[in-house]
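Now for the letters of each chain:
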Amino acid sequence: MSAGKIIGYIFAGIAILFGVLFLIAAFDGRPVAQAISNFIIAAVLIGIGVVIIIAIKMREPKPKQEIIQKIDVSGDIAMERLKCKNCGALLDKDSIKLAEGAIIISCPYCGTTYQMVEEPKW
Ligand SMILES: [Zn+2]
């Protein structure tokens, strides 16, 4: 969670908290005019809090797909044994990409790019 988001949630929380306090204060037997103005302040504060939370939620990125792809290909031990078909150089995780469900190997040493067809033997 980023610092901006945390600050946003804190502001939203404070706004809603004060809104609730104003709402409770509206019922403590004060004159009707004051109770109504308390209601309005409470509504505005809670509204601000809710809007801040919605704004934070809407701005959240959705990196799910990328995370799944990274999990699928990783496994440090397995990757250490993977060699380039062309030059035999050891390939690291950065050389392996998932594109449309296929595993694409791009060798950083000889520049070869190919699709991994057979299951690696490990
Ligand atoms: Zn190579």
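Residues numbered from 1 in each chain as written. Predicted model: local features only at pLDDT ≥ 70, side-chain atom pairs only at ≥ 80, totals over all residues.

**Quick look at helix 2 (residues 32-59)**
- For helix 2, built from 28 residues, the straight-helix expectation of 40 Å at 1.5 Å per residue is met to within 8% by its first-to-last C-alpha distance of 40 Å.
- For helix 2, the full list of buried residues reads Ala42, Leu45, Gly49 and Ile52. (Helix = DSSP H or I, 4+ residues; strand = E, 2+ residues; numbered from the N terminus. Expected span 1.5 Å × (residues − 1). Buried ≥ 20, exposed ≤ 12 C-beta atoms within 10 Å, placed from the backbone.)

**Concerning the pairing of strand 1 (residues 96-99)**
- Sheet topology places strand 1 next to strand 2 (residues 102-106); four bridges connect them, and they run antiparallel. Paired with Ile96 across the strands is Ile105, a residue of strand 2.
- In sequence, strand 1 turns back onto strand 2 through a hairpin of two residues, with Glu100 there showing a positive phi of about 50°. (Pairing = 2+ DSSP bridges.)

**Here we look at the packing of helix 1 (residues 3-25) against helix 2**
- Put simply, helix 1 and helix 2 touch, their axes get as near as 7 Å, and they point 160° apart. If you check the angle between helix 1 and helix 2, you find them roughly antiparallel. In the crossing of helix 1 with helix 2, the sense of the turn from one axis to the other is left-handed.
- Among the residues making up the contact of helix 1 with helix 2, the classes are represented as 17 nonpolar, five polar and one charged. (Axes fitted to C-alpha atoms, helices over the stretch in contact; angles between N-to-C directions. Parallel < 35°, antiparallel > 145°, perpendicular 65-115°, else oblique. Left-handed = near helix turned anticlockwise from the far one by under 90°. Nonpolar A, V, L, I, M, F, W, Y, C, P; charged D, E, K, R; others polar.)

**Some remarks on the pairing of strand 2**
- Here three bridges tie strand 2 to strand 3 (residues 113-115), and the two strands are oriented antiparallel to one another. Note that in strand 3 the partner of Ile104 across the bridge is Gln115.
- Where strand 2 folds back on strand 3, the antiparallel hairpin that results is connected by six residues, among which Gly111 adopts a positive phi of roughly 85°.

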